[in-house]
Amino acid sequence: MANTSNPDIIYTKVDEAPELASASLLPIIQRFAAAAGVSVGTKNISLAGRILAAFPESLTEDQRISDDLAELGELVKTPDANVIKLPNISASVPQLVAAVKELQDQGFAIPDYPYEPSSDAEKDARARYDAIKGSAVNPVLREGNSDRRAAAAVKKFAQNNPHRMGDWSADSKTRVASMSGGDFFSNETSATLDKAATAKIVLTAADGSETVLKDGVSYPAGTVVDATYMSAQALDAFLADEIEKTKDEGVLFSLHMKATMMKVSDPIIFGHAVREWLKPVFEKYGDQMKDLGVNPNSGLGDLLERVKDQPEILKAIEEVRATRPPMYMVDSDNGITNLHVPSDVIIDASMPALIRAGGKGWGPDGKEHDAVCVIPDDSYAPVYDEAIKFFKANGKLNPATAGTVQNIGLMAQKAEEYGSHPTTFEIPADGTVKMVLDDGTTLHEHSVQAGDIWRSASARKAPIEDWVNLAIERQKATGYRAIFWLDQARAHDAELIKYVKPILEAKGVADKFEIMSPRDATRASFETITRGENTIAITGNVLRDYLTDLFPILELATSAKMLSIVKLMNGGGLFETGAGGSAPKHVQQLQAENHLRWDSLGEFCALGESFKFLAEAKGNARAKVLGETVETATQGILDNGRSPSRKVGEPDNRDSHYWFARYWAEALAAQGDDADLAQEFAPVAKALAENEAKITGELAAAQGKPADIGGYYHPDADKLAAVMRPSATLNAIID
Ligand SMILES: NC(=O)C1=CN([C@@H]2O[C@H](COP(=O)(O)OP(=O)(O)OC[C@H]3O[C@@H](n4cnc5c(N)ncnc54)[C@H](OP(=O)(O)O)[C@@H]3O)[C@@H](O)[C@H]2O)C=CC1
Ligand SMILES: O=C(O)CCC(=O)C(=O)O
Ligand SMILES: [Mg+2]
């Protein structure tokens, strides 16, 4: 349904922990904003919402919902966009299948996920599900580059209240393992197009037959276009070798991938690891398992489920597992390993957590151990390798004195690897892959073998220039040491450097910037913050993602507290909340004991920015008052220690929202810029203060027993509201 008048601000409806938190926080935001004449609407980008929107013909009229993601995708290309974007699930296949099942059980007659589509209907369903799979939201909304940093107040709070960090010892056996050849890093070629072009990707097999893998990929002039591949043979040899070495070293085996964001390549690499881990089983029972629907890319969990009635295979699996090193666990109590589900261990969150813990991961015995961290491709693995070496040599970082690393990331218009899914292929036969332009030029050519993963990524000129200019702006605003994390020896980076240097020179700021490889930049950044100084990391899209978890998790304990601004290239604003994900463990805790430990600080920060943006973009004076008072309220949460506790029986997410509302109302009542607003909120502030004991008592009384929200992926709105708003006294003041 076309929306003629959009609300001033859009707040996204998502999944898991942040969605639970929204059930409590959003009514407060809407109520306060409405009093100032600012409307806050919602758009549903949850996994369940996107599934339902994709199958209107399978649903009754009342069940149908609009395709909000498509609408938002258009909105972010206009200057009117003002979107608060919470983290959503980037679904792996097992998550997608679970969500489909839950919706079917709730009476939505959507089709099953077809693992091996054969009929036209199945192929159609599969294509729609493929569009929902993986990171399908962020790349659509991120029509701008990324500016992520800890707000000054948040950084100061972390320095004054340092979190606990695991100790690093010089003889820790933890290390990063990556391929020394045959990977994406070493096979990359890159070129910048001098004119607009359309490309075709063709595989010529050894027998001369041609397969067009993709046609009609168009690029504007100035696009940097890369191509590369990972050799399946080299990958398997590497994995086999590392499994053996890990066993000899007596530590945990772990694999860190981004199977969500890299939704085509990384599940395949993950599948190679599953197959290599159980190699003798696949050699003996491979055909039988295939008939049972086993696809190693879906993980060990799915595999075990499919062979559960096959005692012979199960026995063979147990025999092989007994010869393997212990595995890094996701949930040792329930036997969930690193290889169970491709989206359980996501590199941007998992590696920093392991580093924060002093290089330790959880083993099958439920105890912490050193680990080999397998990150097959060597493009970005050096960042973690160098970080680990740095801490082994220098001991853990001290969050009380450490400076900060901010990030300016090239992200707009599906930049680099994170936009490469439509041009990534598992190669069906030995031969040569060529990328040929419409004028007949062969841009890239690689000789490949069946099973290799070939991909092309690109970065467009306008986003690259915008990114360099954003970096110049931020460096000027802060005066910080500014480093472009680009490796002159890597094909893609060398093309980017050809853009970066002339812009810096033309603006007369070349002396303010350094250019270093990711490894050198990692070391330089840790040295800088160890001295208590600050630096800006100006990076490509993948490192934007990795570093905005790595540094905050070490500096602030979590990336949930980050300010994350996407300055949209056509003038709008997208304000992401935090830099982390949707924290599934938090939902489980709520269901078990009605305690939600999710910290909404990222939402508070984004809200303040969104109001301030509205004030500037639309000359809305009352939005300015809202923005300033939200900042005061956020400061109040930090100064008075009102963030949620992790333990049941202690104040949780809902309590922090009570305090947020109270500090916000008090700040609105106290400000002198808008007398009407002050007058409106004085009684609200008074009522919230007078009823403190009653409200916090009602919130506390809700905890300690299981909570039913009527679904995991698609909770029941009324049940969710009842669980997340258990204080009748607070609700009466807000509503
Ligand atoms: N922008 C986006 O849309 C993003 C989405 N995702 C999606 O999120 C899901 C989970 O991803 P995962 O990599 O596990 O990352 P998460 O960031 O969800 O989890 C890592 C850990 O960080 C802590 N954490 C994260 N956010 C908060 C918060 N606001 N308050 C308190 N603690 C927090 C939790 O630690 P503890 O358990 O110790 O409390 C959590 O278990 C996946 O489906 C992924 O696709 C991931 C990244 C970004
Ligand atoms: O979109 C995703 O899957 C993850 C995004 C992410 O991790 C990030 O932007 O930091
Ligand atoms: Mg991330």
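Residues numbered from 1 in each chain as written. Chains lettered and ligands numbered in written order. Predicted model: local features only at pLDDT ≥ 70, side-chain atom pairs only at ≥ 80, totals over all residues. Heavy atoms only, no water.

- Per an unreviewed UniProt entry, the protein carries the name Isocitrate dehydrogenase [NADP] and comes from Roseovarius pacificus.
- UniProt lists a comment for the protein under the heading Sequence similarities (unreviewed entry), and it reads "Belongs to the monomeric-type IDH family." (UniProt positions renumbered as here; feature names shortened; annotations may be inferred.)

1. Digging into the domain arrangement of the protein
Thinking step 1. Taken as a whole, the protein is organised into domain 1 (9–143 + 570–734), domain 2 (165–228 + 380–442 + 452–563) and domain 3 (231–379).
Thinking step 2. Counting from both sides, the interface comprises twelve residues of domain 1 and, opposite them, twelve residues of domain 2.
Thinking step 3. The interface formed by domain 1 and domain 2 contains zero salt bridges.
Thinking step 4. For the pair domain 1 and domain 2, the number of links is three residue pairs in polar contact (both at pLDDT 80 or more). (Domains from an automatic or database assignment. Contact = heavy atoms within 4.5 Å. Salt bridge = Lys/Arg side-chain N within 4 Å of Asp/Glu carboxyl O. Polar contact = N/O pair within 3.5 Å; in protein donor to acceptor, adjacent residues only side chain to side chain.)

2. Quick notes on the UniProt feature "site: Critical for catalysis" (unreviewed entry) in the protein
Thinking step 1. Taking the UniProt record as the reference, the feature "site: Critical for catalysis" (unreviewed entry) is found at Lys258 and Tyr418. Over a stretch of 161 residues, the named residues converge on one spot in the fold, their C-alpha atoms separated by at most 10.2 Å. Within this annotated set, the largest cavity is lined by Lys258 and Tyr418.
Thinking step 2. With respect to the helices and strands, Lys258 occurs in the loop between strand 10 (252–255) and helix 10 (265–277).
Thinking step 3. Residue classification places Lys258 among the buried positions, given a relative accessible area of 8%.
Thinking step 4. Non-local contacts of Lys258, meaning those with residues more than four positions away in its chain, are made with Asp266, Ile346, Ile347, Asp348, Tyr418 and Asp545. (1 Å grid on protein atoms, 1.4 Å probe; cavity = no way out; pocket = protein on both sides within 12 Å on 5 of 7 lines; lining within 4 Å. Helix = DSSP H or I, 4+ residues; strand = E, 2+ residues; numbered from the N terminus. Buried < 20%, exposed > 50% of the residue type's maximum accessible area, 1.4 Å probe, protein only.)

3. Focus: the packing of helix 21 (residues 601–618) against helix 23 (residues 653–670)
Thinking step 1. Orientation of helix 21 relative to helix 23, taken along the N-to-C sense of each, is 30°, at an axis distance of 13 Å. It follows that helix 21 is roughly parallel to helix 23 by the angle criterion. Crossing handedness for the pair helix 21 and helix 23: right-handed. Where helix 21 abuts helix 23, its residues Phe604, Leu607 and Phe611 lie against Ser656, His657, Phe660 and Trp664. (Axes fitted to C-alpha atoms, helices over the stretch in contact; angles between N-to-C directions. Parallel < 35°, antiparallel > 145°, perpendicular 65-115°, else oblique. Left-handed = near helix turned anticlockwise from the far one by under 90°.)

4. Considerations on the site of ligand 2
Thinking step 1. All residues adjacent to ligand 2 are Ser90, Ser135, Asn138, Arg142, Arg148, Lys258, Met261, Asp348, Arg544, Asp545 and Ala579.
Thinking step 2. Measuring from an oxygen atom of ligand 2, one finds a side-chain N or O atom of Arg142 at 2.7 Å.
Thinking step 3. In the model, an oxygen atom of ligand 2 is placed 3.0 Å from a nitrogen or oxygen of the Asp348 side chain.
Thinking step 4. Relative to its unbound accessible area of 290 Å², ligand 2 is 89% covered by the protein chains.
Thinking step 5. The residue inventory of the shell around ligand 2, partitioned by class, reads two nonpolar, three polar and six charged. (Near = heavy atom within 4 Å. Areas by Shrake-Rupley, 256 points an atom, 1.4 Å probe, with all protein chains shown as cover. Nonpolar A, V, L, I, M, F, W, Y, C, P; charged D, E, K, R; others polar.)

5. Some details on the UniProt feature "binding site: D-threo-isocitrate" (unreviewed entry) in the protein
Thinking step 1. Look at the UniProt record and you will see "binding site: D-threo-isocitrate" (unreviewed entry) annotated at Arg148 and Arg544. Taking the farthest pair of C-alpha atoms as the criterion, the annotated set spanning 397 residues converges on one region, since that pair is 8.5 Å apart.
Thinking step 2. Along the chain, the position of Arg148 falls in strand 4 (residues 144–149).
Thinking step 3. In contact with Arg148, not counting residues within four places along its chain, are Arg142, Gln406, Asn407, Arg544, Thr548, Met562, Leu563, Ser564, Glu576 and Ala579.
Thinking step 4. Of note, Arg544 is situated in helix 19 (residues 541–555).
Thinking step 5. You can call Arg544 buried: its relative accessible area is 1%.

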